[in-house]
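Remarks on the overall topology
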Amino acid sequence: ETGVTQSPTHLIKTRGQQVTLRCSSQSGHNTVSWYQQALGQGPQFIFQYYREEENGRGNFPPRFSGLQFPNYSSELNVNALELDDSALYLCASSPETVSAGYTFGSGTRLTVV
Amino acid sequence: GQNIDQPTEMTATEGAIVQINCTYQTSGFNGLFWYQQHAGEAPTFLSYNVLDGLEEKGRFSSFLSRSKGYSYLLLKELQMKDSASYLCAVRGDNYGQNFVFGPGTRLSVLP
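Residues numbered from 1 in each chain as written. Chains lettered and ligands numbered in written order. Predicted model: local features only at pLDDT ≥ 70, side-chain atom pairs only at ≥ 80, totals over all residues. Heavy atoms only, no water.

1. Description of the overall build of chain A
Along chain A, the regular secondary structure elements total 0 helices and 11 strands. In sequence order, chain A lays out its α and β elements as β-β-β-β-β-β-β-β-β-β-β. Relative to its length of 113 residues, chain A is compact, with a C-alpha radius of gyration of 13 Å against a globular reference of 13 Å. Judged by the C-alpha coordinates and their principal axes, chain A covers about 40 × 25 × 25 Å. For chain A, the proportion of its 113 residues judged to be buried stands at 48%. (Helix = DSSP H or I, 4+ residues; strand = E, 2+ residues; numbered from the N terminus. Rg over C-alpha atoms; globule rule 2.2 N^0.38 Å. Buried < 20%, exposed > 50% of the residue type's maximum accessible area, 1.4 Å probe, protein only.)

So this is what it looks like as structure tokens:
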């Protein structure tokens, strides 16, 4: 079984630009969540998708948006990038079982200059 | 609101035992998870507790007390490769709100 894959692994963008990050969930997982992790901190929940619908959102502004596709892969879009958006963006997938831990991808390191 | 606290850093010696504590205050509770994260890598799932008590998995054990809002991760026979950040995460009363992660505890294992 394949794990969670994210692309790209690293990205440099200029303030004000837009970025799209991609995630392929683990086979059999229908729930995808996105997290932002600043250096030296724990991951912060951005939002979650279940069967192509957003079903939870953290404290992030509307310029953070997402999509989930029928094959359960997902995208995170960030508009009007700010310097503080520089972070590791993690995608995690899980099956419906509550006790299952999330499987994380290796992340996309975004640097905004 | 949601609040999870962990010590920022800990140091221990190879072969020793270390206990990493986590306290939480959440609006609901549907399980507590521990993750290990090596620098520059993705978090990996270590353990899950939803009932009070101790869950043992090889060298790693995790304990939960729901009445106290408290958990710990116990690492035995420490190895150099255990040097990593350990993240405590709580799933609250709304599945849609996902996990709330603590800040992580950076463990350094010294020879």
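2. With respect to the state of the cysteines
All names here are of chain B. Scanning all chains against the criterion turns up 2 disulfides over all chains. The partner cysteine of cysteine 22 in its disulfide is cysteine 88, sulfur to sulfur 2.0 Å. Since a negative S-S torsion denotes a left-handed disulfide, the cysteine 22-cysteine 88 link at about -65° is left-handed. Of the two residues, cysteine 22 is situated in strand β3 (residues 18-25) and cysteine 88 in strand β9 (residues 84-91); the sequence distance between them amounts to 66 residues. On the basis of relative accessibility, which here comes to 0%, the residue cysteine 22 falls in the buried class. On the accessibility criterion, cysteine 88 (0% relative accessible area) is buried. (Disulfide = S-S within 2.5 Å.)

3. Digging into the sheet that holds β3 of chain B
Residue and element names in this part refer to chain B. Here we have 5 strands laid out as an open sheet, ordered β1-β3-β8-β7-β6, and antiparallel in their pairing. Each of the sheet's edge strands pairs with one partner strand only, and the pair in question is β1 (3-5) and β6 (53-57). Neighbour-to-neighbour, the strand axes of the sheet open up by a mean angle of 15°, direction not taken into account. Relative to strand β7 (residues 60-65), β6 is paired through 5 bridges, and the arrangement is antiparallel. Residue leucine 54 lies in a different strand from β7, and its bridge partner there is phenylalanine 63. (Pairing = 2+ DSSP bridges. Axes fitted to C-alpha atoms, helices over the stretch in contact; angles between N-to-C directions.)

4. Notes on the interface of chain B and chain A
A common way to report how large an interface is uses the accessible area buried once the components associate. In this complex, chain B contributes 19 residues to the contact, which on the side of chain A involves 25 residues. Between chain B and chain A the total buried area reaches about 1700 Å² when both faces are included, carbon and sulfur atoms providing 51% of it. Applying the counting rule to chain B against chain A returns 0 salt bridges. Where chain B touches chain A, the interface holds 3 residue pairs in polar contact (both at pLDDT 80 or more). Of all the secondary structure elements, the ones that give two or more residues to the side of chain B that touches chain A are β4 (32-37), β5 (44-49), β9 and β10 (99-101) of chain B. For the side of chain B that touches chain A, the class distribution of residues is 11 nonpolar, 6 polar and 2 charged. (Contact = heavy atoms within 4.5 Å. Buried area = accessible area lost by both parts, 1.4 Å probe. Salt bridge = Lys/Arg side-chain N within 4 Å of Asp/Glu carboxyl O. Polar contact = N/O pair within 3.5 Å; in protein donor to acceptor, adjacent residues only side chain to side chain. Nonpolar A, V, L, I, M, F, W, Y, C, P; charged D, E, K, R; others polar.)

5. Notes on the sheet that holds strand β7 (residues 64-68) of chain A
All names here are of chain A. In spatial order, the strands read β1-β3-β8-β7; together these 4 strands make up an open sheet with antiparallel pairing. Each having just a single partner strand, β1 (5-7) and β7 make up the two edges of the open sheet. Direction aside, the axes of adjacent strands within the sheet are offset by 20° on average. Note: strand β3 (residues 19-24) against strand β8 (residues 74-78), 5 bridges, orientation antiparallel. Within the sheet, the bridge partner assigned to cysteine 23 lies in β8 and is serine 74.

6. Brief notes about the packing of aromatic side chains
Two measures describe an aromatic ring pair: the distance that separates the ring centres and the angle between the ring planes. Summed over the entire model, instances satisfying the criterion amount to 15 aromatic pairs over all chains. Between the aromatic rings of phenylalanine 104 of chain A and phenylalanine 101 of chain B, the centroid separation amounts to 6.0 Å while the plane-to-plane angle is 70°, which identifies the pairing as edge-to-face. Here the residue phenylalanine 104 of chain A occupies a position in strand β10 (residues 103-104), and phenylalanine 101 of chain B occupies one in strand β10, the pair thus bridging two chains. On the basis of relative accessibility, which here comes to 7%, the residue phenylalanine 104 of chain A falls in the buried class. For phenylalanine 101 of chain B, a relative accessible area of 7% translates into the label buried. (Phe/Tyr/Trp six-rings, centres within 6.5 Å; stacked < 30°, edge-to-face > 60°.)

7. Some remarks on the nonpolar core
Ranked by size, the top nonpolar core spans 20 residues in total, and within it Leu32, Trp34, Leu75, Leu78, Tyr86 and Leu107 of chain B carry the most contacts. Beyond its immediate chain neighbours, meaning those up to four positions away, leucine 75 of chain B contacts Ala16, Ile17, Val18, Ile20, Arg59, Phe60, Asp82, Tyr86 and Leu107 of chain B. If you look at the next biggest cluster of nonpolar residues, it comprises 19 residues, including Trp34, Tyr49, Phe64 and Ala87 of chain A. (Core = buried A, V, L, I, M, F, W, Y, C linked by side-chain atoms within 4.5 Å.)

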